[in-house]
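Here is what each chain is made of, one letter per residue.
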Amino acid sequence: MFVALITGLATGALYAAAALTYNVMFSTSKVLSVTTGHISMLGGIFGAWFISTLGWPIPVALVGAMGIGAVFGLLTDFIAIRRVLARSDEHLWLLSTLALATMVQQAAGLWWGTEPKPFPRLIPQDFSAGLGDQKYWLPIVIAILLAMALELFYRRTLYGKLFVAMSEDAFAARARGIPTGRIRSMSYVIAGAMGGLAGFAAGQLTFAYFALGLTLTLNGFIALAVGGLGSNAGALVGGAALGILSAVATYFVGGEYQQTISVGLLMVVLLVKPAGLFGSQSVRPV
Amino acid sequence: MHLPKKSISILVVLAALIALPWWAGDLYKLHLAALICAYWVLIGGLNLVVGYSGQLSIGHVGLLAIGSYCFAILAGTHGVHPALAIAASGALCALCGLLLGLPSLRLPGFYFAMATLAFALIVTEITLAQGTLTGGGVGLAVPGFAPPFDTPRGTYWLILAIAVLVTWLTWNVARHTWGRGLVAVRDSAVTAQAVGVPVFRAKLTVFVFSGFTAGVAGALFAVLQSYITPDTFVFDLGLFFFVCIIIGGRGHILGPAIGTIVLTALPEMVAPLAKLGNFFYGLLLLAVVLLVPEGIGRVFELLIERFRPRRGESHVVKPDLDRLAKAIEQGRAQ
């Protein structure tokens, strides 16, 4: 039972990190990108490749994985977001990010192989550590650190305040002389680096697996919708709730119905409180 | 008897399709044609949801799977007559569409897409979990149709007939009040509501209809596959249906039909594309979204407009001189 809880918390932390990535991209562009999970997938795969195949030292590999994530984030903005937002059709960004995510997943599958491959140890530790094993606490620590860093960034730095201004009202921010296009690209780079870091840290839990992206996109989104869109604390709580619930359900019912239960949680929350636990009420349509 | 040009071309295409078994050559091409028709049964219904009412459902493969398993279990395990089993698959999937649509159609765009994606994953999970019913990972063998349709040709003709019927149904929906209302819902739900379109009911109705066609398509698909496992219904297949519609053009019927034919046939004919698979679909989708968001159908329309001389634009002024002269004379006389 305790093992199930810890595993659930660790998986939930990864979902929370994906939800945070969603949040950063959403704050400046109002776009929920389908590529969110794929950023972390790339972080995991490239991290494993850098360390195992190329033999890079771990800190360099970490920076490399975050760099890959950042580049992919920038590419997402460049290819799938910029032109589509300029045309301002409501649904098109969903299609363009979905297309990009599909291409990246297939390319990763062709290059890396469709089998999950093991992720190397990051910190020298005995395998007998049990529940204190790094594969459990690394994602949890990273998710909490990310959320705290984001809060600090939003509250203490000028650029963070620009992000907040854009998320409140992008049009007014532009009128105030904020280069909204550049800030948006920057948010995608930051989100990419965050996703890469999360994927790298959770690599030992998830393995370096090409199909991780879609699962993570879905579950990160569920964590986000449960916690409330735009709220970082909500993302943490939502991720933890989702992870623990599915782990406990797996413990009692069996692993076959994991997806069903997580979606059930989403539906219940959306029916009871459509804005999520920590979210603000949505704007009137007219 | 005078027939308009459009009816003649429709009749010619229909005749060519019915005669396909004689000019297709080998059985594999016939099988491919039947597969395209089975896909079209689903895509035609989905087109009303995605193309007309603008609800981006990427998880219709879940409904397809339910239809296939329903047919396989009823006709295979329990020996129900295939025609009855097809109808049952359609009815069951319409019910599933209703249950899925009731909560999820109230959600905004991205939420809805994610809900349908989750639905597809849930169906896969349940088919794997309920091993006694669905055979689990091992799968199920699917029986063929009843005697007049049990040959490859008969199967093809039956599927073709259903596909034509679905096309006719969706065409009827699309070109009348309903279709206009759905397009209004797609372009601006608020405006549609303001002019009296029952937004939620309209969306739910077409979604349930698309569920029905997905169920029927599932039964046909299962017969063509002749053996189904959960791996037959990967998420990529759902993406494929979706891409066919977007590439063909939203708010058309012919566009998605051409999209279905080309996208099904192309990977079979060109081997390297089959290996790339999803990458190719993603690339196509990205190109279409970035370059022609209205779809390939729109490109053809533009080309036709460009190269065909427009009728009804020359306004030759022919003054009625006699009448004018009379009027002037009358004026002088007074």
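That block above? That's the structure.
Residues numbered from 1 in each chain as written. Chains lettered and ligands numbered in written order. Predicted model: local features only at pLDDT ≥ 70, side-chain atom pairs only at ≥ 80, totals over all residues.

Right, let's get into the environment of L138 of chain A. All names here are of chain A. Along the chain, the position of L138 falls in helix 5 (residues 134-156). Separated by 18 residues in sequence, L138 and R156 have C-alpha atoms that sit 26 Å apart. Setting aside its immediate chain neighbours within four residues, L138 contacts L122 and A201. (Helix = DSSP H or I, 4+ residues; strand = E, 2+ residues; numbered from the N terminus. Contact = placed C-beta atoms within 7 Å.)

Time to look at the interface of chain A and chain B. Chain A puts 29 residues into the contact, and the matching count from chain B is 30 residues. Where the side of chain A that touches chain B is concerned, the elements lending two or more residues are helix 3 (58-87), helix 4 (92-112), helix 10 (212-227) and helix 12 (258-272) of chain A. Here the side of chain A that touches chain B gets 10 residues from one element, more than from any other, and that element is helix 4 of chain A. Per-class residue counts for the side of chain A that touches chain B are 19 nonpolar, 6 polar and 4 charged. (Nonpolar A, V, L, I, M, F, W, Y, C, P; charged D, E, K, R; others polar.)

A separate point is helix 9 (residues 177-187) of chain B. Considered for burial, the residues of helix 9 of chain B that qualify are G179, G181, L182, A184, V185 and R186 of chain B. On its buried side, helix 9 of chain B packs onto helix 3 (27-52), helix 8 (152-175), helix 10 (189-194) and helix 11 (199-225) of chain B. (Buried ≥ 20, exposed ≤ 12 C-beta atoms within 10 Å, placed from the backbone.)

All names here are of chain A. Positionally, A201 belongs in helix 8 (residues 180-201). Sequence spacing of A201 and L62 is 139 residues, and the spatial spacing of their C-alpha atoms is 8.8 Å. In contact with A201, not counting residues within four places along its chain, are L138, P139 and I142.

Bringing helix 17 (residues 321-333) of chain B into the picture now. Its 13 residues place the ends of helix 17 of chain B 18 Å apart at the C-alpha level, agreeing with the 18 Å of an ideal helix rising 1.5 Å per residue. Within helix 17 of chain B, only 0 of the 13 residues are buried, leaving the element largely exposed. (Expected span 1.5 Å × (residues − 1).)

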